Amino acid sequence: MAAAGVLVAMGTGTAVADGGGGGDPQPGAPGIGDPYYPLDGNGGYDVDHYDLDLRYDPATDVLAGTATVSAHATQDLSSFDLDLQGLEVRSVEVDGQEAVWSRQGQELVITPHRPLREDQEFTVGVTYDGVPQTQEDALGISGFIHTDDGAVVAGEPHGAATWFPANDHPRDAASVDVRVAVPEGLEGVSNGVLCGSWTHHGWTTWAWSADEPMAPYLVTLAVGEFDLRAYEAEGLAFWDAVDPDLATFDADPETEGPLVGEVVDHALGRQAEIIGFLEEHFGPYPFSAAGGIVDDTPDLQFALETQTRPIYAPFFFVDPVFAEVVVTHEYAHQWYGDSVRLDLWRDIWLNEGFATYAEWLWLEHEGLSTPQQEFDFLATLSDEELGPDFWQVTIGDPGPAVDQLFHPAVYQRGAMTLHALRTEVGDDAFFTILRGWAESNAGETVTTEEFVAFAEEVSGRELDELFTAWLYTAGRPAGLPEQAPAPAPAP
Ligand code: TRP
Ligand code: ZN
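What you see is a predicted model, and the numbers here were worked out from it, not measured in a lab. (Residues numbered from 1 in each chain as written. Chains lettered and ligands numbered in written order. Predicted model: local features only at pLDDT ≥ 70, side-chain atom pairs only at ≥ 80, totals over all residues. Heavy atoms only, no water.)

Visitor: Explain the coordination of the zinc ion (ligand 2) here, please?
Guide: Six octahedrally arranged donors around a metal ideally form angles of 90 or 180 degrees; four tetrahedrally arranged donors ideally form angles of 109.5 degrees. Surrounding the zinc ion (ligand 2) are the protein donor atoms His329 (NE2), His333 (NE2) and Glu352 (OE), at 1.9 to 2.0 Å. Going along the chain, you hit the donors of the zinc ion (ligand 2) in the pattern H-x3-H-x18-E. With His329 in helix H4 (residues 320-335) and Glu352 in helix H5 (residues 349-365), this pair connects stretches of sequence that are 23 residues apart. When sorted by exposure, His329 lands in the same class as Glu352, which is buried. (Donors = N, O, S within 2.8 Å, 3.2 Å for Na, K, Ca; no water. Helix = DSSP H or I, 4+ residues; strand = E, 2+ residues; numbered from the N terminus. Buried < 20%, exposed > 50% of the residue type's maximum accessible area, 1.4 Å probe, protein only.)

Rendered as structure tokens:
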């Protein structure tokens, strides 16, 4: 402490204007400190609430409005950044006073009229508009995605900045209100609860409120024609949004299968049951609303655990079992990923390994397999079947490229790691660990080191070796069943 004070004092000779701190206010860092994405998130403040007051016109693809970001400073700040990609900023205010701002790549740099003191609460208003630019990378597209009749947002790992100014890193969670005006006849859907909708001069505003803090990448928006279904089940408020085009969508005309819309209805119809099943293993559902969003767009290539309301690519709904497994996966993330969230993207297996293990538990519940069978199945697959790098990826630190971050090994070997833990500590300790991890870290960020320490504490065992072998060592851990020989080439 003293040393830092001395350095600051030596570095500058100017007195602090407000006399309040231990040195001159400094600019907040342009990144929150995640080595995978050095410019994601920002330093010097914490966001408490985002209020997004937006309008989206599918005819022009233009998004316009004002984001009001309520935050508090964690240091004396002369300036600070928000993350924003593309879009046109029209004005920025801090506490109602016009602020100086500039754009530097994904950084919106804001210099308030007067410096902010540590712990000071402040409000930033950013008025902006433009056609949001979709992110494109090795795994397809993410962030703000334009569709035939509107848009959908799937922002992991850092797509929030494609549609609102944000501290775009999971370390900083905040509550979110979204009001979106769309042409009358269309729906606008987001997280949390629907507070109301009203129509003026041909535009309908949909007002959503999510009180439970969430990471920016978990905020979603779906605009278009949706069959919006509000209901209550098992004491929980649901809003499902299903694109009516799916009712007649036959994903596989060659075979006699159900239409996508039928599978969607069936799978979403089991949501309350799936949540109840997960509660038995993980403890109480951490949020006060639920539901699912399925849009008829070929561009969204994955599902995302958007808080309280996961969003799904339509191709998941070609087979009823596959569909329910994906719905289980996204709900499991509400405990592991959303409520308990990452401090660093490096630890992504804490999200994906847990959600994949939930799939195995669901398959067992449905009488289709057991976690042991899933584990053995993967252990005995040949390298040809698994892909050459399945056992090479360091799943405890896979790397920032999305095809590494979301590599199948992170999902499957992540779940295998949990099963290896279960085998080591026994069922009682294992499920106490899963439930206790969710309960004791609800609303907090976590790391793998903390998980290992927690598992050791609950089980009373030394687990370093197990986790080192499973998370940080390339190659198959010792003691696995033999890999089956590669299948003979077809004659
Ligand atoms: N987290 C998502 C899931 O539940 C997957 C995901 C998010 C993803 N963003 C992605 C996959 C980008 C590929 C590319 O599984
Ligand atoms: Zn997942």
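Visitor: Just checking my understanding: could you explain a nonpolar patch on the surface for this structure?
Guide: A contiguous nonpolar patch, built from Phe315, Val318 and Phe322 and spanning about 240 Å² of accessible area, is present on the exposed surface. Looking at the element boundaries, Phe315 is found in the loop between strand S22 (311-312) and H4. (Patch = residues over 30% accessible without salt bridge, like charges linked within 9 Å, V, L, I, M, F, W, Y side chains within 5 Å. Areas by Shrake-Rupley, 256 points an atom, 1.4 Å probe, with all protein chains shown as cover. Salt bridge = Lys/Arg side-chain N within 4 Å of Asp/Glu carboxyl O.)

Visitor: It is not clear to me how the layout of surface pockets should be interpreted in this structure. Could you clarify?
Guide: Regions of empty space are outlined by a rolling probe, equal in size to a water molecule, passed over the atoms. By volume, the largest pocket is sized at about 870 Å³. Around the largest pocket, the lining is made up of 33 residues, and of these Phe316, His329, Glu359, Phe406 and Tyr411 lie nearest the centre. Looking at the lining of the largest pocket, the elements that each hand over two or more residues are strand S11 (140-146), H4, H5, helix H6 (371-380) and helix H9 (408-425). No other element matches H4, which puts six residues into the lining of the largest pocket. Partitioning the lining of the largest pocket into residue classes produces 19 nonpolar, seven polar and seven charged. (1 Å grid on protein atoms, 1.4 Å probe; cavity = no way out; pocket = protein on both sides within 12 Å on 5 of 7 lines; lining within 4 Å. Points joined across faces, edges and corners; volume = space filled by probe spheres on them. Nonpolar A, V, L, I, M, F, W, Y, C, P; charged D, E, K, R; others polar.)

Visitor: Help me understand the site of ligand 1 in this model?
Guide: Every residue lining ligand 1 is accounted for by Leu139, Glu156, Phe302, Ala303, Leu304, Glu305, His329, Glu330, His333, Glu352, Phe406 and Tyr411. The separation between an oxygen atom of ligand 1 and a polar side-chain atom of His333 is 3.4 Å. The side chain of Glu352 places a nitrogen or oxygen atom 2.9 Å from a nitrogen atom of ligand 1. Computed on the free molecule, ligand 1 has an accessible area of 360 Å², of which 91% lies beneath the protein chains in the complex. Judged by the proximity of its atoms to the pocket grid, ligand 1 belongs to the largest pocket. (Near = heavy atom within 4 Å. Polar contact = N/O pair within 3.5 Å; in protein donor to acceptor, adjacent residues only side chain to side chain. Sits in = over half its atoms within 2 Å of the grid points.)

Visitor: Hey, could you run me through the packing of helix H3 (residues 271-282) against helix H10 (residues 427-440) in this one?
Guide: The relative placement of two packed helices is expressed as an angle between their axes plus a distance between the axes. The contact between H3 and H10 brings their axes to 8 Å, and the two run at 105°. Taken together, the axes of H3 and H10 lie roughly perpendicular to each other. Touching Glu279, Glu280, His281 and Phe282 of H3 are Phe431, Leu434, Arg435 and Ala438, all from H10. (Axes fitted to C-alpha atoms, helices over the stretch in contact; angles between N-to-C directions. Parallel < 35°, antiparallel > 145°, perpendicular 65-115°, else oblique. Contact = heavy atoms within 4.5 Å.)

Visitor: Explain the sheet that holds strand S13 (residues 174-183) here, please?
Guide: Sheet strands associate in pairs through backbone hydrogen bonding, adopting either a parallel or an antiparallel arrangement. The strand order across the open sheet formed by eight strands is S6-S5-S9-S3-S2-S13-S16-S15, and the pairing between neighbours is mixed. Edge strands, defined here as strands with exactly one partner in the open sheet, are strand S6 (97-98) and strand S15 (193-200). Note that strand S5 (residues 88-94) and strand S9 (residues 121-130) share six bridges and pair antiparallel. Along S9, the bridge assignment pairs Glu93 with Gly125. (Pairing = 2+ DSSP bridges.)

Visitor: Sorry if this is basic, but what is going on with unusual backbone geometry here?
Guide: Working note: non-glycine residues mostly have negative phi, and peptide bonds are mostly trans. Here the residue pair Glu156 and Pro157 is connected by a cis peptide bond, since its omega of 5° sits within 30 degrees of zero. Here Pro157 is to be found in the loop between strand S12 (151-154) and S13. Here Asp95, not a glycine, exhibits a phi torsion of approximately 50°, which is positive. Topologically, Asp95 is positioned in the loop between S5 and S6. With relative accessibility at 42%, the residue Asp95 sits in the partly exposed group.

Everything listed is a geometric property; what it means functionally is a separate question.
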